[in-house]
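Close look at the chain arrangement
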Amino acid sequence: QVQLGESGGDLVQPGGSLRLSCAASGSIFDYAMAWYRQAPGKQREFVARIGTAGITIYTDSVKGRFTISRDNAKNMIYLQMNSLKPEDTAVYYCNTMGSRWKWGQGTQVTVSS
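The text that follows walks through the structure, step by step, so that each part is easy to find. All values reported here derive from a predicted model rather than from experimental measurement.

With that out of the way, let us pick up the overall build of the chain. Looking only at helices and strands, one finds zero helices and 10 strands in the chain. Secondary structure elements of the chain occur, N-terminal to C-terminal, as β-β-β-β-β-β-β-β-β-β. Relative to its length of 113 residues, the chain is compact, with a C-alpha radius of gyration of 13 Å against a globular reference of 13 Å. The principal-axis extents of the C-alpha atoms in the chain amount to approximately 40 × 25 × 20 Å. Here the chain holds 113 residues, and the buried ones make up 45% of them. At a minimum sequence separation of 6, the contacts of the chain that also span at least 24 residues come to 55%.

To continue, consider the packing of aromatic side chains. One pass over the structure, following the stated rule, counts four aromatic pairs. Taking the centre distance of 5.0 Å and the plane angle of 65° together, the rings of Tyr31 and Trp101 count as edge-to-face. Of the two residues, Tyr31 sits in the loop between strand S3 (18-24) and strand S4 (33-38) while Trp101 sits in the loop between strand S9 (90-96) and strand S10 (107-111), which places them 70 residues apart along the sequence. Judged by its relative accessible area of 7%, Trp101 falls in the buried class. Note on Tyr36 and Phe46: the rings are 6.3 Å apart at their centroids and 75° apart in plane angle, and the pair reads as edge-to-face.

Grouped together as the largest cluster of nonpolar side chains are 28 residues, with contacts concentrated most on Trp35, Val47, Phe66, Ile68, Leu79, Met81 and Tyr92. Among the secondary structure elements, those contributing two or more residues to this core are S3, S4, strand S5 (45-50), strand S7 (66-71), strand S8 (76-81), S9 and S10. The biggest single contributor to this core is S3, with four residues.

Attention now goes to the pattern of salt bridges. If charged atoms from side chains of opposite charge come close, those side chains can pair. Taken as a whole, this structure holds four salt bridges when the rule is applied. In this structure, Lys63 engages Asp60 in a salt bridge whose closest nitrogen and oxygen atoms are separated by 2.9 Å. Of the residues examined, Lys63 reaches a relative accessible area of 48% and is grouped as partly exposed. What makes Asp60 exposed here is its relative accessible area of 62%. In this structure, the salt-bridge partner of Asp88 is Arg65, at a minimum N-O distance of 2.8 Å. Remark: Arg65 occurs in the loop between strand S6 (56-58) and S7 and Asp88 occurs in the loop between S8 and S9; sequence separation between them is 23 residues. The class for Asp88 is buried, based on a relative accessible area of 0%. In the salt-bridge network here, residues are joined through shared partners; they are Arg37, Glu45, Arg65 and Asp88.

Reading the values: the criteria
Residues numbered from 1 in each chain as written. Predicted model: local features only at pLDDT ≥ 70, side-chain atom pairs only at ≥ 80, totals over all residues. Heavy atoms only, no water. Helix = DSSP H or I, 4+ residues; strand = E, 2+ residues; numbered from the N terminus. Rg over C-alpha atoms; globule rule 2.2 N^0.38 Å. Buried < 20%, exposed > 50% of the residue type's maximum accessible area, 1.4 Å probe, protein only. Contact = heavy atoms within 4.5 Å. Phe/Tyr/Trp six-rings, centres within 6.5 Å; stacked < 30°, edge-to-face > 60°. Core = buried A, V, L, I, M, F, W, Y, C linked by side-chain atoms within 4.5 Å. Salt bridge = Lys/Arg side-chain N within 4 Å of Asp/Glu carboxyl O.

Below is the structure:
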């Protein structure tokens, strides 16, 4: 079983930026990878996906603001978050697109003035 560890979350002012990182304990080479988020009282939702060939898909609310990337050699996935809004406040998780691996603890992103 591959272990996942998210980092980079912080308290940030609206309009600010953060870069989240996800480290996998095993190879991600064969998997489409994704970021998800969950706000208090809400279900976990899809945020962004990057396929094995680098094709990306984003949920409408983050298009133009977030960028997902991957480094297969390092088994790492990243999420660059710009122009952050209070509605982006949530715990952010990474996983395969099919949620194949056990969820990590996530990283808290709080956007507030």
